[in-house]
Amino acid sequence: IIHEDSNNASLFVANEIASLINQKQKEGKKAVIGLATGSTPTKVYEYLVNFHKEGRLSFENVVTFNLDEYFPMEPDSIHSYVRFMHEHLFDHIDIDPQNVHIPKGNLENHEVRQYCLDYEEKINNVGGIDIQVLGIGRTGHIGFNEPGSSLNSKTRLVRLDGVTRLDAASDFFGEENVPRKAITMGVGTIMSANRIILMAWGEGKADIIQQAVEGEIKESVPATFLQNHTNCDFVLDGASASFL
Ligand code: GLP
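Residues numbered from 1 in each chain as written. Predicted model: local features only at pLDDT ≥ 70, side-chain atom pairs only at ≥ 80, totals over all residues. Heavy atoms only, no water.

**Remarks on the sheet that holds strand β10 (residues 232-237)**
Sheet architecture is open: 7 strands sit in the order β1-β10-β9-β6-β2-β3-β5, paired in parallel fashion. Of all the strands in the sheet, just β1 (2-3) and β5 (100-101) have a single pairing partner and so form its edges. Contacting β9 (195-200) and β10, helix α7 (residues 206-214) runs over the sheet at an angle of about 155° to β10. (Pairing = 2+ DSSP bridges. Helix = DSSP H or I, 4+ residues; strand = E, 2+ residues; numbered from the N terminus. Contact = heavy atoms within 4.5 Å. Axes fitted to C-alpha atoms, helices over the stretch in contact; angles between N-to-C directions.)

Spelled out as structure tokens, the structure:
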């Protein structure tokens, strides 16, 4: 789905999420949304906050699961995805804090394995993710599933690719400060979502979008696995779609 610009594209995605939340509310059910960080989804969150302020959208029946978090990372660090999500979304809406899930970046090493299994179980216990929102990294990563991630991978601790750490360097005042690891939902976790919306803006994403949509399905470009999902949309602006 190609929109004129990222503003229109973000409004489209925000409307899709809002419709699902309102539909589930009518049915008396919870809406389970998988959320992403990075610069790409920020406008979507801005629109959702505005819908809420205008009284058109409540998050009382919403449960969220974030894709990933750097490791190690303290939740109150300016670099944490916990902080990011609160600033861009959670602090401005009526979501129950108990319904918010973001992988913990400050676990002890020996706690990680069980924590990841529990994260998967929490997703399963609410009936799975209704809509998973994704960005895409220049390596073709979704969440932090870097090249080499298998189709069936689940929530786990991963090592970040050099390109990803380089791209994050400016946020961390230098590459040496970017964490070397992250906890991320797996490709398998993402593929289990009922619906997936991947967003990308700008010419810097054009090459990886072309590979993800038209390239051979392979572990070295994890986003290519999405070609086999039956309900996945790539929502793009003209620039990111320019090599298609
Ligand atoms: C990070 C996130 C990804 C995100 C990617 C792209 O690595 N973990 O979920 O998709 O960056 O970032 P941006 O949206 O800033 O281009």
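This is not the end of the story, as more comes after the structure.
**Observations concerning the sheet that holds strand β8 (residues 181-184)**
With antiparallel pairing, the 3 strands of this open sheet are ordered in space as β4-β8-β7. A strand with exactly one partner marks an edge of an open sheet, and here the two such strands are β4 (68-71) and β7 (156-159). Across the sheet, the axes of successive neighbouring strands diverge by a mean angle of 30°, strand direction being ignored. With 4 bridges joining them, β4 and β8 adopt antiparallel strand pairing. In the strand pairing of β8, Glu-69 is matched with Ile-183. Relative to β7, helix α4 (residues 112-125) is tilted by about 115°, and along the sheet it contacts β4, β7 and β8.

**Let's talk about the packing of helix α1 (residues 6-26) against helix α2 (residues 42-53)**
α2 packs onto α1 with a crossing angle of 55° between their chain directions and a minimal axis gap of 8 Å. Between α1 and α2, the angle falls in the class oblique. Our pair here, α1 against α2, has a crossing hand that is right-handed. Taken together, the residues of α2 that come into contact with α1 (itself represented by Ser-6, Asn-7, Ser-10, Leu-11, Val-13, Ala-14, Asn-15, Ile-17 and Ala-18) are Lys-43, Val-44, Tyr-47, Leu-48 and Phe-51. (Parallel < 35°, antiparallel > 145°, perpendicular 65-115°, else oblique. Left-handed = near helix turned anticlockwise from the far one by under 90°.)

**A look at the nonpolar core**
Counting residues in each nonpolar core, the largest one holds 68 residues, and the members touching the most others are Leu-48, Leu-89, Phe-90 and Leu-226. The leading source of residues in this core is α1, at 7 residues. Once you skip the residues sitting within four places of it in the chain, Phe-90 turns out to touch Leu-35, Thr-64, Asn-66, Met-85, Ile-95, Val-100 and Ile-102. Core analysis: the second largest hydrophobic core is formed by 10 residues, Tyr-70, Met-73, Val-158 and Leu-160 among them. (Core = buried A, V, L, I, M, F, W, Y, C linked by side-chain atoms within 4.5 Å. Buried < 20%, exposed > 50% of the residue type's maximum accessible area, 1.4 Å probe, protein only.)

**Here we look at the site of the ligand**
All residues adjacent to the ligand are Gly-38, Ser-39, Thr-40, Asp-68, Tyr-81, Gly-135, Ile-136, His-141, Gly-143, Phe-144 and Lys-205. Between an oxygen atom of the ligand and a side-chain N or O atom of Ser-39, the distance comes to 2.8 Å. Between the ligand and Thr-40 there is a distance of 2.5 Å, counted from an oxygen atom to a side-chain nitrogen or oxygen. Judged by the proximity of its atoms to the pocket grid, the ligand belongs to the largest pocket. In terms of residue class, the shell around the ligand is made up of 3 nonpolar, 6 polar and 2 charged. (Near = heavy atom within 4 Å. Polar contact = N/O pair within 3.5 Å; in protein donor to acceptor, adjacent residues only side chain to side chain. 1 Å grid on protein atoms, 1.4 Å probe; cavity = no way out; pocket = protein on both sides within 12 Å on 5 of 7 lines; lining within 4 Å. Sits in = over half its atoms within 2 Å of the grid points. Nonpolar A, V, L, I, M, F, W, Y, C, P; charged D, E, K, R; others polar.)

**Concerning unusual backbone geometry**
Most peptide bonds take the trans configuration, and most residues that are not glycine carry a negative phi. The peptide bond linking Phe-71 to Pro-72 adopts the cis configuration, its omega dihedral lying at 0°. Non-glycine residue Phe-173 carries a positive phi angle of around 55°. Within the secondary structure, Phe-173 sits in the loop between α5 (162-168) and β8.

**What to know about the pattern of salt bridges**
Side chains carrying opposite charge are able to pair once their charged atoms draw close together. Under the criterion given, the structure shown has 7 salt bridges. Salt-bridge contacts for Arg-195 lead to Glu-16; the nearest nitrogen and oxygen are separated by 2.6 Å. Taken together, the residues Arg-195 in strand β9 and Glu-16 in helix α1 connect sequence positions 179 residues apart. Among the salt bridges present, the one from Asp-130 reaches Lys-24, with a minimum N-O distance of 3.6 Å. (Salt bridge = Lys/Arg side-chain N within 4 Å of Asp/Glu carboxyl O.)

**Structural notes on empty space enclosed by the protein**
Inspection of every chain in the model, using the stated rule, returns 1 cavity of 30 Å³ or more. One number sums up the size of the largest cavity: a volume of about 60 Å³. Every residue lining the largest cavity is listed: Ile-17, Ile-21, Ile-33, Leu-35, Leu-48, Phe-59, Val-62, Thr-64, Leu-89, Ile-93 and Ile-95. Listing elements by their share of the lining of the largest cavity, those giving two or more residues are α1, β2 (31-35) and β3 (62-66). Within the lining of the largest cavity, the residues separate by chemical class into 10 nonpolar, 1 polar and no charged. (Points joined across faces, edges and corners; volume = space filled by probe spheres on them.)

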